[in-house]
Amino acid sequence: KIPLQDVYGTVWIHLLPFLRPAVVRHALPERAEEVSYAADAVRIALEQDAVDGNERNVLLAHQFVTGAKRCEAEELQVGDLDQIPVELFEKFDYVALGHIHKPQILIRDQAAFSGALEPIDRNDTGEHGYMEGRVVNGRIRTEFVPFACRSYQQLVMPLHEETTQISLEEAVKSQIFRRGGRNIYRIILQGMRSPDLLLIPEKLKSLGNITDVVDESWPAYDLEELYKRYSGTLIGDYIGYFLAKGRMDTVEKKALYYGLQALLETGSRR
């Protein structure tokens, strides 16, 4: 812990690195049998730290605390064994947490992840910045301050039967111009498109800082009409199999539409 001085007196800054159980077992072999999980390691480590309740105490900790939400780039141990209960930090006036990319407040004015100053993972959507703390009438007040010059954003583009590659490109360019060219985008295509529309995702990616294009759209086939037209053929049997199932999940819909498109393009018959 490190003492800092301000007009109100001393502020003790307590520094807690990322701890795994093996580290604490090695440092405190006499208590090794007590350490099974990450929470045990943090609890025992904090017990070695004398906290004077008459002074102000701020803890800087790099841990995954219960209640926070992760993204794909943040390490996850099997069974969430690395989760730390926020209650372990009750004796501190404020807990500044690291390890999670997105800003998250666990206890108002008492414990928060400020997150990364800039988004560093494609799932780091939303604002990024820092936490600003003030002492007001003897109590800590915190406020999140947006700071990042860019953000990861999901751009949902609705398709319809009149959509063309050119009209889609123009719509994407318009959205990027409106939202900001410095942002990084993941484009999601949704809706019913013309079966004749040949989408070229690589052309969309060339329109800006676009990392991914996800096609969740469906060709606008009239399944009943196609079933009648191709009755007694492989195509008709294929459509009939899915129509008989009634309601389909996403995987079954993909199998139906992608398979049907392939059959129609090759002109398969029995």
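Everything in this summary refers to the structure shown in the same document. Keep in mind it's a predicted model, so treat the numbers as computed, not measured. (Residues numbered from 1 in each chain as written. Predicted model: local features only at pLDDT ≥ 70, side-chain atom pairs only at ≥ 80, totals over all residues. Heavy atoms only, no water.)

Now for the pattern of salt bridges. Evaluation of the coordinates by the stated rule reveals 15 salt bridges. A salt bridge links Asp6 to Arg56, with the shortest nitrogen-to-oxygen separation between them at 2.7 Å. Of the two residues, Asp6 sits in strand E1 (residues 2–6) while Arg56 sits in strand E3 (residues 56–62), which places them 50 residues apart along the sequence. For Asp6, a relative accessible area of 34% puts it in the partly exposed group. (Salt bridge = Lys/Arg side-chain N within 4 Å of Asp/Glu carboxyl O. Helix = DSSP H or I, 4+ residues; strand = E, 2+ residues; numbered from the N terminus. Buried < 20%, exposed > 50% of the residue type's maximum accessible area, 1.4 Å probe, protein only.)

Two strands pair when backbone bridges link them, and strand E11 (residues 152–159) and strand E12 (residues 184–193) are joined in this way by eight bridges, in the parallel orientation. Each residue of the ladder has a partner; that of Met157, found in E12, is Leu189. Handedness of the crossover is the feature at issue here: the chain leaves E11, passes through helix H3 (residues 165–179), returns alongside E12, and the resulting connection is right-handed. As paired strands, E12 and strand E13 (residues 210–215) are joined by five bridges and run parallel to one another. Bridged to Tyr185 within E13 is Ile210. (Pairing = 2+ DSSP bridges. Right-handed = clockwise from strand over helix to strand, strands pointing away.)

Attention now goes to helix H2 (residues 38–47). Burial analysis of H2 places seven of its 10 residues in the buried class, which makes it a mostly covered element. Those residues of H2 that sit buried are Ala38, Ala39, Asp40, Ala41, Val42, Ile44 and Leu46. Next to the buried residues of H2 lie strand E2 (9–16), helix H1 (21–27) and strand E5 (83–84). (Contact = heavy atoms within 4.5 Å.)

Turning our attention to the sheet that holds E1. As summarised here, the arrangement of the six strands in space is E1-E2-E3-E6-E8-E7, forming an open sheet in which the pairing is mixed. Each edge of the open sheet carries a strand with a single partner, namely E1 and strand E7 (104–107). The sheet shows a mean angle of 20 degrees between the axes of neighbouring strands, taken without regard to direction. Note that E7 and strand E8 (residues 111–113) share three bridges and pair antiparallel. Pairing of Gln104 across the sheet is with Phe113, part of E8. (Axes fitted to C-alpha atoms, helices over the stretch in contact; angles between N-to-C directions.)

Ranked by internal contacts, the top residues of the largest apolar core, which has 24 residues, are Leu16 and Phe89. Among the elements of the structure, H2, E3, strand E4 (64–65), strand E6 (94–98) and E8 are those that each provide at least two residues to this core. At six residues, H2 tops the list of elements feeding residues into this core. Among all residues touching Phe89, those that are not within four sequence positions of it are Leu16, Val42, Leu46, Leu59, Val65, Ile84, Val95 and Leu97. Leu168, Leu197, Leu199 and Leu204 belong to the second largest nonpolar core, which has 14 residues in total. (Core = buried A, V, L, I, M, F, W, Y, C linked by side-chain atoms within 4.5 Å.)

Assignment of secondary structure puts Phe147 in the loop between strand E10 (139–146) and E11. It is 6.9 Å that separates the C-alpha atoms of Phe147 and Tyr130, two residues lying 17 residues apart in sequence. Excluding its chain neighbours within four sequence positions, the residues that come into contact with Phe147 are Leu117, His128, Gly129 and Tyr130.

Turning next to the packing of aromatic side chains. All told, the structure shown has five aromatic pairs when counted by the stated rule. Between Tyr130 and Phe147, the ring centres sit 5.9 Å apart and the planes meet at 70 degrees, which makes this aromatic pair edge-to-face. Linking Tyr130 in strand E9 (residues 129–136) with Phe147 in the loop between E10 and E11, this pair joins segments that are 17 residues apart in sequence. The class for Tyr130 is partly exposed, based on a relative accessible area of 32%. An aromatic cluster is defined as three or more aromatic residues linked by ring pairs; in this entry it consists of Trp218, Tyr221 and Tyr257. (Phe/Tyr/Trp six-rings, centres within 6.5 Å; stacked < 30°, edge-to-face > 60°.)

What follows deals with unusual backbone geometry. The backbone phi angle of His99 is positive, close to 110 degrees, even though this residue is not glycine. Within the secondary structure, His99 is located in the loop between E6 and E7. Residues other than glycine seldom take positive phi values, yet Asp109 does so here, at roughly 65 degrees. Note that Asp109 resides in the loop between E7 and E8. By relative accessible area, Asp109 is classed as buried at 14%.

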